[in-house]
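Secondary and tertiary structure notes
Take a look at the letters that make up each chain.
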Amino acid sequence: MGGESEKWILMVTARTPTNIAVIKYWGKRDETLILPINDSISVTLDPSHLCTTTTVSVSPSFDQDRMWLNGKEISLEGGRFQSCLREIRVRAQDVEDKKKGIKIKKEDWQKLHLHIASYNNFPTAAGLASSAAGLACLVYSLAKLMNLKEDNSQLSAIARQGSGSACRSLYGGFVKWVMGKEDNGSDSLAVQLADEKHWDELVIIIAVVSARQKETSSTSGMRDTVETSALIQHRAKEVVPKRIVQMEDAIQNRDFPSFARLTCTDSNQFHAVCLDTCPPIFYMNDTSHRIISCVEKWNSAEGAPQVAYTFDAGPNAVMIAHNKKTAALLLQRLLYNFPPQSDTDLDSYIIGDKSILKDAGIKDMKDVEALTPPPEVKDSIPLSQKSKGDVSYFICTRPGGGPVVLSDETQSLLGPLTGLPK
Ligand code: ADE
């Protein structure tokens, strides 16, 4: 092991996207291995707007595994991190860095310690599946550091053991998590259905909805559902298998009406299953319901879906518009119904791809105040009655690519000499 001294540090930095399920994962058949009771399908979100960046490093001078999340040290104890670290270490290979004069033999990885720093470019508390991007990035960056031979699909089966939906963040575009049949989980992994270029006119708008109380965690919510709901069995065995086939077809054919109908129906069934749980779980709130009504009214007035909506285990709405034109019309409707609070400026209320604002003809707050009710709404809402502040902000984004290694050393989150957060 090692170069001339024991001072060397080797590091890798990677960036991984988050994803939103359009056919939902809800319910495990194995809690430890994180094996689901049905297949799920997701869209990967553009990492330039939502992503995790992680630097992993190894040095003989490190005396324990340590991790920092968004600059704060966190514990690596606990199943999800330990499962991933163990599974990666057993697959580690020889590594040689000729420039630095470093040689690591595969058996050395069991003794060497790691420093890990991870950063989410969106608020971890916003309920935007940060653990999916986070665990995917941890596994991907460690796999590169330790020179694993496994492809992204095989790595997804490791990420799955950290956080179920993390397995879908190993690919860009449209991804299926195949539930698998094996008891050991070896065939429960992600496969790419189509890359992000396949259907690149889609536009995604996320409403980050202010939540008053912390919702039930997905882990305990899922467990309660599997133990108490009769509907979940019908969903997993009868409904989802057919929907998976239909959704794959819709994606392959870029059939937006089918894609949107399946996405909305599946989100609604997931929340119905939550309501069928004892005690019932409420993830959506009044604002979520109002967003659904706004989209449903518009879709039915047009006679064909313009926009799809989907909600995970929280009140945030993820809306998928057919193209830039419908996204601009959607943003007008959203801003009409959910204007920012008077002390919020438009620039921080609409983040991500701001070109949608321009397409919507909105430059400033005056334009927001001048918005008229959309044709499908009969009675206009007086500004004084609009609920300002129910949406914290909107993120405009699109389908995006999978994990990448960042080779530019300036993007590393750990100091090259100290191995500590910069
Ligand atoms: N949970 C939330 N964000 C995370 C990250 N970036 N890495 C690991 N776990 C996380």
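Residues numbered from 1 in each chain as written. Predicted model: local features only at pLDDT ≥ 70, side-chain atom pairs only at ≥ 80, totals over all residues. Heavy atoms only, no water.

Lining the immediate surroundings of the ligand are T52, M67, L69, R80, F81, S118, N120, T124, S130, S131, G134 and L135. At 2.8 Å from a nitrogen atom of the ligand is found a side-chain nitrogen or oxygen belonging to S118. Residue N120 places a side-chain N or O atom 2.9 Å away from a nitrogen atom belonging to the ligand. For the ligand, whose accessible area on its own is 260 Å², the fraction buried by protein is 95%. Those elements giving two or more residues to the shell around the ligand turn out to be strand 7 (66–69), helix 1 (79–91), strand 11 (113–120) and helix 2 (130–145). Per element, the largest residue contribution to the shell around the ligand is four residues, and it comes from helix 2. Classifying every residue of the shell around the ligand gives four nonpolar, seven polar and one charged. (Near = heavy atom within 4 Å. Polar contact = N/O pair within 3.5 Å; in protein donor to acceptor, adjacent residues only side chain to side chain. Areas by Shrake-Rupley, 256 points an atom, 1.4 Å probe, with all protein chains shown as cover. Helix = DSSP H or I, 4+ residues; strand = E, 2+ residues; numbered from the N terminus. Nonpolar A, V, L, I, M, F, W, Y, C, P; charged D, E, K, R; others polar.)

Under the local residue numbering, the UniProt record ascribes the feature "domain: Diphosphomevalonate decarboxylase-like N-terminal" (unreviewed entry) to residues 17–190. Taken end to end, residues 17–190 is 21% helix and 30% strand, and its two terminal C-alpha atoms sit 14 Å from one another. (UniProt positions renumbered as here; feature names shortened; annotations may be inferred.)

What follows deals with the layout of surface pockets. Of the voids in this model, the second largest pocket is the one considered here, and its volume is about 620 Å³. Around the second largest pocket sit 23 residues that line it, and L10, M11, D97, K100 and E409 are the ones nearest its centre. Among the secondary structure elements, those contributing two or more residues to the lining of the second largest pocket are strand 1 (10–17), strand 9 (95–97) and helix 2. Tallied by class, the residues present in the lining of the second largest pocket amount to twelve nonpolar, three polar and eight charged. (1 Å grid on protein atoms, 1.4 Å probe; cavity = no way out; pocket = protein on both sides within 12 Å on 5 of 7 lines; lining within 4 Å. Points joined across faces, edges and corners; volume = space filled by probe spheres on them.)

Attention now moves to the sheet that holds strand 17 (residues 350–352). A sheet is described by the order of its strands in space; here five strands give the open sequence 15-16-14-18-17, paired in mixed fashion. Single-partner strands in this sheet number two, and they are strand 15 (307–310) and strand 17. Adjacent strand axes in the sheet meet at a mean angle of 25 degrees when their direction is disregarded. Strand direction decides the pairing type here: strand 15 and strand 16 (residues 317–321), joined by four bridges, are antiparallel. Counted as the bridge partner of Y309 is M319 from strand 16. Each of strand 15 and strand 16 is contacted by helix 6 (residues 256–275), which is oriented at about 25 degrees to strand 15, the strand it contacts most. (Pairing = 2+ DSSP bridges. Axes fitted to C-alpha atoms, helices over the stretch in contact; angles between N-to-C directions. Contact = heavy atoms within 4.5 Å.)

With that out of the way, let us pick up the pattern of salt bridges. A full pass over the atoms with the stated rule returns 20 salt bridges. Notably, a salt bridge pairs D46 with R398, separated by 2.5 Å at the nearest N-O pair. Of this pair, D46 sits in the loop between strand 5 (40–44) and strand 6 (51–59) while R398 is found in the loop between strand 18 (391–397) and strand 19 (404–405), placing the two residues 352 residues apart along the sequence. Given the relative accessible area of 9%, D46 is considered buried. As a salt-bridge pair, D347 and K354 come within 3.2 Å of each other at their nearest N and O atoms. What makes K354 partly exposed here is its relative accessible area of 32%. Where salt bridges share partners, they join R86, E87, R91 and E150 into one cluster. (Salt bridge = Lys/Arg side-chain N within 4 Å of Asp/Glu carboxyl O. Buried < 20%, exposed > 50% of the residue type's maximum accessible area, 1.4 Å probe, protein only.)

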